[in-house]
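# Structure at a glance
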Amino acid sequence: VARFRFIVKRPVLERFPPAGRLALRLPDGRHLPAGGGGAAGFVLDLPFGDASVVALLEARGPLEKKGHLRPAAAETERRQDAYLALYTRLRPVFARRFGRPLFLLYGTLLGQVRTADFIPGDDDFDIGYVSGETRPEAVRAEAIAIMTGLVEEGFSVVLNDEGRPFRIRDPQGAPGVHLDNRPVFAPSDGHVWLHRHARLALPLSDLSEVREGLMRGRPVLVPRGAEAFLAAYYGPGWRVPAPGYSNAGTPIAPQPRAGLAPPLVP
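Residues numbered from 1 in each chain as written. Predicted model: local features only at pLDDT ≥ 70, side-chain atom pairs only at ≥ 80, totals over all residues. Heavy atoms only, no water.

## A closer look at the overall build of the protein chain
Stated formally: Numbering of helices and strands runs from the N terminus, with a helix taken as a DSSP run of H or I at least four residues long and a strand as a DSSP run of E at least two residues long. Residue exposure ignores everything except the shown protein chains as possible cover, and the areas themselves are Shrake-Rupley values with a 1.4 Å probe.
From N to C terminus, the protein chain includes eight helices and eleven strands. On the protein chain, roughly 14700 Å² of surface is accessible, and the fraction owed to carbon and sulfur atoms is 56%.

## As for unusual backbone geometry
In plain terms, the rule: Accessibility here uses a 1.4 Å probe with only protein chains present; expressed as a share of the type maximum, an area under 20% marks a residue as buried, one over 50% as exposed, and anything in between as partly exposed.
With a phi angle near 50 degrees, Tyr 106 is a residue other than glycine that sits in the positive phi range. Tracing the backbone shows Tyr 106 in helix H4 (residues 106-115). Residue classification places Tyr 106 among the buried positions, given a relative accessible area of 7%. A positive phi angle is found at Arg 216, which is not glycine, with a value near 50 degrees. When you line up the elements, Arg 216 lands in the loop between strand S10 (210-215) and strand S11 (218-223). Judged by its relative accessible area of 29%, Arg 216 falls in the partly exposed class.

## Considering the side chain of Thr 108
In plain terms, the rule: Throughout, a contact is declared for two residues whenever any of their heavy atoms are within 4.5 Å.
By the secondary structure assignment, Thr 108 is in helix H4. The residues touching Thr 108, leaving out its near neighbours within four places in the chain, are Asp 122, Asp 124, Phe 125, Asp 126 and Met 215.

## With respect to helix H3 (residues 73-98)
Under the convention used in this document: Each residue after the first adds 1.5 Å to the expected span of a helix. Two axes define the bend at a residue: one fitted to the seven residues ending there, one fitted to the seven starting there, and the bend is the angle between them.
When the terminal C-alpha atoms of H3 are compared, their 36 Å separation across 26 residues agrees well with the 38 Å that a helix rising 1.5 Å per residue should span. Of all the bends in H3, the greatest, near 25 degrees, is centred on Leu 90, and the proline Pro 92 appears no more than four residues after it. Turning to H3, its buried residues are Thr 76, Arg 79, Gln 80, Tyr 83, Leu 84, Leu 86, Tyr 87, Leu 90, Arg 91, Val 93, Phe 94 and Phe 98. Immediately downstream of H3, the backbone of Gly 99 shows phi near 70 degrees, a positive value.

## What to know about the packing of H3 against helix H5 (residues 136-152)
The cut-off we apply is this: Lines fitted to C-alpha atoms define the axes, with helix axes restricted to the stretch in contact, and inter-axis angles between N-to-C directions lie between 0 and 180 degrees. Under this scheme an angle from 65 to 115 degrees is roughly perpendicular, one under 35 degrees roughly parallel, and one over 145 degrees roughly antiparallel; angles in between are oblique. A crossing counts as left-handed when the near helix is turned anticlockwise from the far one by less than a right angle, and as right-handed when that turn is clockwise. In the scheme used here, Gly and all other residues not listed as nonpolar or charged are polar, with Ala, Val, Leu, Ile, Met, Phe, Trp, Tyr, Cys and Pro taken as nonpolar and Asp, Glu, Lys and Arg as charged.
Where H3 contacts H5, the two axes come as close as 11 Å, and the packing angle between them is 120 degrees. Classed by the angle they form, the pair H3 and H5 counts as oblique. As for the relative orientation of H3 and H5, their crossing is right-handed in sense. Listed contacts from H5 to Leu 90, Phe 94, Arg 97 and Phe 98 of H3 are Ala 145, Ile 146, Gly 149, Leu 150 and Glu 152. Classifying every residue of the contact of H3 with H5 by side-chain character gives six nonpolar, one polar and two charged.

## Observations concerning the packing of aromatic side chains
Definition in use: Pairing of aromatic side chains here covers Phe, Tyr and the six-membered ring of Trp, requires ring centres within 6.5 Å, and sorts the geometry by plane angle: under 30 degrees stacked, over 60 edge-to-face, intermediate tilted. Comment: the charge-over-ring label is applied if NZ (Lys) or CZ (Arg) is within 6 Å of the ring centre and within 35 degrees of the ring normal.
Applying the stated criterion across every chain, the model contains nine aromatic pairs. Relative to Phe 229, the ring of Tyr 106 lies with its centre 5.9 Å away and its plane at 55 degrees, an arrangement referred to as tilted. Of the two residues, Tyr 106 is situated in helix H4 and Phe 229 in helix H7 (residues 226-234); the sequence distance between them amounts to 123 residues. Each of the two residues, Tyr 106 as well as Phe 229, counts as buried. In textbook terms, an aromatic cluster arises when at least three aromatic residues are bridged by ring pairs, as seen for Tyr 106, Phe 229, Tyr 233 and Tyr 234. Between the NZ or CZ atom of Arg 10 and the centre of the ring of Phe 48, over which it lies, the distance is 4.2 Å.

Here's what the structure looks like:
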């Protein structure tokens with residue numbers, strides 16, 4: 001059975017009409033049945049709604065992948081600059097304290113390789129480091145030590161709901177600005193592991209060896225195998241923008257699912 005998830009956060013629901021129907025429509029015009037009765041949509045009863053959502057979606061575009069309204073373009077650009085400033089501050093600290101480079105990953109890397117800038121509308125900043133360990137338990141222990149060191153350096157660290165790697169913030173910085181940081185490791189199975197959706201047939205050297213690049217004119221670190229990583233993660237068409245792309249439906253390989261199952265911290 002095919003499944004998908006579409007998130008709508010409470011602040012967005014507050015913009016819905018007080019009463020209405022939420023339907024899922026395919027490109028050919030058919031509606032997907034909702035619930036177990038085969039209805040064409042969900043009936044919504046939101047007495048707190050102010051009915052402004054249609055105008056906001058027309059002005060700003062579809063909801064973000066995490067269920068929020070997209071900020072105005074000027075606000076997005078300010079946040080992107082704040083992400084980049086936090087990375088610029090963190091990078092030398094990470095190298096001094098832990099003796100390893102902190103490089104761009106995922107959509108942040110994709111934007112840098114394509115245009116030396118963010119993907120239009122991108123509202124996060126993905127970074128990573130290569131772990132010196134090969135077993136998930138040891139990688140977790142190492143990550144805990146790194147998080148402790150970052151707190152000692154004056155940063156704050158936040159885990160996601162599952163206790164897995166980990167967001168880095170500046171307590172004195174702009175609210176809501178954080179970097180999404182992940183360890184990369186190779187458990188001697190011919191793959192590099194990043195998270196449960198990412199077990200990639202790449203040599204670790206594609207990520208452990210880095211070069212300096214530019215993003216909005218600021219120096220950033222980029223894996224030397226950036227293009228191989230992007231092709232392995234996003235597919236061979238990674239150079240062509242695909243605004244609707246999501247890897248959420250990518251099958252999860254059983255090896256990282258099992259190996260990364262325990263939480264990062266007790």
